[in-house]
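Here's the letter readout for the chains.
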Amino acid sequence: MTALDSMTASEVIDTLGLEYLDGEGVWISLLWRSDHGSAIYGFLTPKDFSALHVLREDEMWVHVAGAPIEMLLLRHDGEHEVRVLGTDMADGQSPAVLVPASTWQGSRTMGDWSLVVCSLAPPFSGFTLADRSTDFSAWPEATNRIEGLIRG
C-alpha cells in the first residue's frame with residue numbers, strides 16, 4: 001500500500017473516492033453522519049480551494065496528510081485570524097483548528113494538495129457561500145485575502 005504523502009492529487013482523489021463539491025470548490029467524501037454530528041474528508045489543491053463560506057454549526061478541521069493549509073477566519077465581531085493547519089507545531093502550525101458557528105471561513109493549500117477531516121456538531125445542514133456582492137466591509141485589513149477566496 002502506498003503512503004498518502006507519496007501520492008499525487010489525482011491518486012488521492014481516486015483512492016478515497018472523493019467527489020467535487022461545486023460552489024465551495026473542494027473534493028469531499030462523507031465519512032459519518034448521525035443525529036448528533038457528521039464528518040467528511042476535505043481535499044484541497046491550488047485550483048480547488050475552500051471558497052469563503054459560513055456554516056451554522058461548529059466545525060473542527062484536522063490535518064491528515066499533505067501540505068499545510070492557510071485558513072482565513074472572519075468572526076462576527078469584526079476580527080479576523082489567519083491560521084495554519086498542519087503538523088509542524090515548531091513552525092506555528094496547529095494540527096486541528098476549530099471554526100466556531102457563524103464564522104466566515106476560507107482555506108487554501110500551501111502546496112500541491114492537502115487532506116483534512118472536517119467534523120461538525122450538530123450535523124451539516126448547509127452553508128452560505130460568499131460572492132462578489134457579499135459585504136465584507138467589517139474586515140478591511142483582510143480585503144486581499146478575502147478577494148482571493150471568492151470564486152467567480
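Everything discussed here concerns the structure shown above.
Residues numbered from 1 in each chain as written. Predicted model: local features only at pLDDT ≥ 70, side-chain atom pairs only at ≥ 80, totals over all residues. Heavy atoms only, no water.

Participant: Would you mind showing me how to read the overall build of the protein here?
Facilitator: Scanning the protein from N- to C-terminus turns up two helices and 11 strands. A principal-axis box enclosing the C-alpha atoms of the protein has dimensions of 50 × 35 × 30 Å. Long-range contacts, defined here as pairs at least 24 residues apart, represent 73% of the contacts in the protein between residues at least 6 apart. One way to put it: in the protein the 9 positive side-chain charges average out to a point 4 Å from where the 22 negative ones average out. (Helix = DSSP H or I, 4+ residues; strand = E, 2+ residues; numbered from the N terminus. Contact = heavy atoms within 4.5 Å. Lys, Arg positive; Asp, Glu negative; His and termini not counted. Charge placed at Lys NZ, Arg CZ, Asp CG, Glu CD.)

Participant: Would you take a moment to explain the packing of aromatic side chains for this structure?
Facilitator: Think of a pair of aromatic rings as described by two things: how far the centres are apart, and how the planes are tilted against each other in angle. For the structure on display, the rule yields five aromatic pairs. Centre to centre, the rings of Tyr20 and Trp27 are 5.3 Å apart; their planes meet at 65°, and the pair counts as edge-to-face. By way of ring pairs, the aromatic residues Trp104, Phe136 and Trp139 are connected into one cluster. Directly above the ring of Phe49 sits Arg108, whose terminal nitrogen or CZ lies 4.6 Å from the centroid. The aromatic ring of Phe49 is capped on one face by Arg151, whose charged end is 3.8 Å from the ring centroid. (Phe/Tyr/Trp six-rings, centres within 6.5 Å; stacked < 30°, edge-to-face > 60°. Lys NZ or Arg CZ within 6 Å of the ring centre and 35° of its normal.)

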